[in-house]
Protein chains: 2
Amino acid sequence: MEYSIGQAAKKMGLTVHTLRYYDKEGLLPFVKKSASGLRVFSEEDIDWLVIIECLKGTGMHLKDIKQYIDWCREGDATLGKRLEMFKRQKAKIEEQMAQLQRHMEKINYKIAYYTEAVAFGSIDILKRNRCLAAEKERIFGPLKK
Amino acid sequence: MEYSIGQAAKKMGLTVHTLRYYDKEGLLPFVKKSASGLRVFSEEDIDWLVIIECLKGTGMHLKDIKQYIDWCREGDATLGKRLEMFKRQKAKIEEQMAQLQRHMEKINYKIAYYTEAVAFGSIDILKRNRCLAAEKERIFGPLKK
DNA sequence: ATAACAATTAGAGTTAACTCTAAGTCAAGA
DNA sequence: TCTTGACTTAGAGTTAACTCTAATTGTTAT
């Protein structure tokens, strides 16, 4: 199966502008052109886009994604670099997950706080709520004087 | 305990420039000034910064964070809006976690792929590896012709 | 064949979130 | 007192990643 730039964009949830921008930045050196100069995306090219989205979605910059793509084009000599790159990215994702978990605790505290506040129609009464205070200290850290 | 802008920046892992930028954008309306015009961050102000970092770190834009801070200043009438905001943010975090998990599967496939490739010194042999191919189809989706 | 629509390029413009500079003020130690 | 270093403001500059425009060419349905 082959795709025009518009079909590829739709499939990936990107705009044609973005795909052309990626191409200009050297992220799509594998995409072929038809006789009349139109980009033709193969099923394999879609896999490349999926990996680009994956790396971008885990915080890698386009220039570093390009580095990876350049390594791929250099052949087997760069296999080790590519493996190390993915291992580093995995560690980054694990840290992101841990960070998200910590953020989630704070958000959950706020939801508990505001649920109480909405029930009472005011935050004043919460200032003497020992349960929420203990929870806050656990999540936000102890107070310093 | 009170902090100068430099101490607050250090504590939060931000620069003084960033804190002043946040202030300029209306994110720190609670920070007081000393007689000579220096910003003085209280322990409570640090809690505000922690929440700002939490919302920013889960993808909220500064202008939406400002909206939340403005609601806080409007008083109890906005409690419901604030609760709904945190609930939406919680849903967003859950989606981010699911997304990260999906990205992680792809990265794990790549690590398995490149670990094999490095062991053989080449990617050629992998093209007949049915185990990796099945794994790829499971994670990247079935091929279309 | 002609209208409507999708594609091409080069290059300008936008947005968010900083990041820094200039010119100056303030506070503490030798 | 003098120096050092942290602070102040207004405002300019930077960066990444788009996002769009203009002018043009190619493709497809009736």
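Residues numbered from 1 in each chain as written. Chains lettered and ligands numbered in written order. Predicted model: local features only at pLDDT ≥ 70, side-chain atom pairs only at ≥ 80, totals over all residues. Heavy atoms only, no water.

Below, the discussion takes up the sheet that holds strand β1 (residues 2–3) of chain A. Residues and elements named next belong to chain A. Taken together, 3 strands build an open sheet; the order of strands is β1-β3-β2 and the sheet is antiparallel. Looking at which strands have only one partner, the edges of the open sheet turn out to be β1 and β2 (32–33). Sheet analysis places β1 next to strand β3 (residues 39–42), joined by 2 bridges and oriented antiparallel. Its bridge partner being in β3, Y3 is matched across the sheet by F41. Most of the contacts of helix α3 (residues 43–57) go to β3, to which it runs at about 85°, and overall it touches β1 and β3. (Pairing = 2+ DSSP bridges. Helix = DSSP H or I, 4+ residues; strand = E, 2+ residues; numbered from the N terminus. Contact = heavy atoms within 4.5 Å. Axes fitted to C-alpha atoms, helices over the stretch in contact; angles between N-to-C directions.)

Before going further, it helps to examine the state of the cysteines. Following the criterion strictly, the structure yields 0 disulfides over all chains and no others. C72(A) forms no disulfide, and the closest cysteine sulfur to it belongs to C54(A), at a distance of 13 Å. Its sulfur unpaired, C131(B) is 19 Å from the next cysteine sulfur, which belongs to C54(A). Owing to a relative accessible area of 60%, C131(B) belongs among the exposed residues under this scheme. (Disulfide = S-S within 2.5 Å. Buried < 20%, exposed > 50% of the residue type's maximum accessible area, 1.4 Å probe, protein only.)

The two copies are related by a screw motion: chain B maps onto chain A through a turn of 180° and a shift of 0.0 Å along the axis, at an RMSD of 0.0 Å. Within this description, the copies of the chain are treated as partners about a two-fold rotation axis. The position closest to the rotation axis in chain B is occupied by the C-alpha of M97(B), lying 3.4 Å away. Here 100% of the interface residues in chain B have copies in chain A that are interface residues too; the copies meet face to matching face. (Least-squares fit on C-alpha atoms with pLDDT ≥ 70 in both.)

The subject of this paragraph is the protein's contact with DNA strand D. By nearness alone, 18 residues border DNA strand D, and Y22(A), S4(B), G6(B), R20(B) and R39(B) come closest of all. For DNA strand D, the fraction of protein-proximal atoms (within 4 Å) that sit in sugar or phosphate groups is 68%. Residue L62(A) places a main-chain N or O atom 3.3 Å away from a phosphate oxygen belonging to DNA strand D. A distance of 2.9 Å separates a phosphate oxygen of DNA strand D from a polar side-chain atom of K33(B). Elements represented by at least two residues in the surface near DNA strand D include exactly α2 (16–24) and α4 (62–74) of chain A together with α1 (5–12) and α2 (16–24) of chain B. In terms of residue count, α2(A) provides more of the surface near DNA strand D than any other element does, 4 residues in total. Across the surface near DNA strand D, the residue classes break down as 5 nonpolar, 7 polar and 6 charged. (Near = heavy atom within 4 Å. Polar contact = N/O pair within 3.5 Å; in protein donor to acceptor, adjacent residues only side chain to side chain. Nonpolar A, V, L, I, M, F, W, Y, C, P; charged D, E, K, R; others polar.)

Turning our eyes to something else, we now look at the protein's contact with DNA strand C. Taken together, the neighbourhood of DNA strand C is formed by 18 residues, with S4(A), G6(A), R20(A), R39(A) and Y22(B) sitting nearest. Of what DNA strand C places within 4 Å of the protein, 69% of the atoms are sugar or phosphate. Side-chain polar atom of R20(A) to a phosphate oxygen of DNA strand C: 2.4 Å apart, as the coordinates give it. Taking L62(B), its main chain carries an N or O atom lying 3.3 Å from a phosphate oxygen of DNA strand C. Listing elements by their share of the surface near DNA strand C, those giving two or more residues are α1 (5–12) and α2 of chain A together with α2 and α4 (62–74) of chain B. In terms of residues, the surface near DNA strand C owes the most to one element, α2(B), which gives 4 residues. Partitioning the surface near DNA strand C into residue classes produces 5 nonpolar, 7 polar and 6 charged.

Another point: the sheet that holds strand β2 (residues 32–33) of chain B. Here we have 3 strands laid out as an open sheet, ordered β1-β3-β2 (chain B), and antiparallel in their pairing. A single partner strand is all that each edge strand has here, and the edge strands are β1 (2–3) and β2 of chain B.

The subject of this paragraph is the layout of surface pockets. Here the largest pocket is characterised by a volume of approximately 1100 Å³. Lining the largest pocket we find 36 residues, and of these E44(A), D47(A), Y109(B), K110(B) and K136(B) sit closest to its centre. Looking at the lining of the largest pocket, the elements with two or more residues in it are α1, α3 and α4 of chain A together with α5 (79–120) and α6 (130–140) of chain B. For the lining of the largest pocket, the element with the most residues is α3(A), which contributes 8 residues. Classifying every residue of the lining of the largest pocket gives 20 nonpolar, 3 polar and 13 charged. Around the second largest pocket sit 28 residues that line it, and Y109(A), K110(A), K136(A), E44(B) and D47(B) are the ones nearest its centre. (1 Å grid on protein atoms, 1.4 Å probe; cavity = no way out; pocket = protein on both sides within 12 Å on 5 of 7 lines; lining within 4 Å. Points joined across faces, edges and corners; volume = space filled by probe spheres on them.)

Now for the interface of chain B and chain A. Facing 48 residues of chain B, the contacting portion of chain A comprises 48 residues. Surface buried jointly by chain B and chain A totals about 4200 Å² across both partners, of which 74% is contributed by carbon and sulfur atoms. The interface formed by chain B and chain A holds 2 salt bridges in total. Of the charged contacts in the structure, one is a salt bridge between K136(A) and D47(B), with a shortest N-O distance of 3.3 Å. (Buried area = accessible area lost by both parts, 1.4 Å probe. Salt bridge = Lys/Arg side-chain N within 4 Å of Asp/Glu carboxyl O.)

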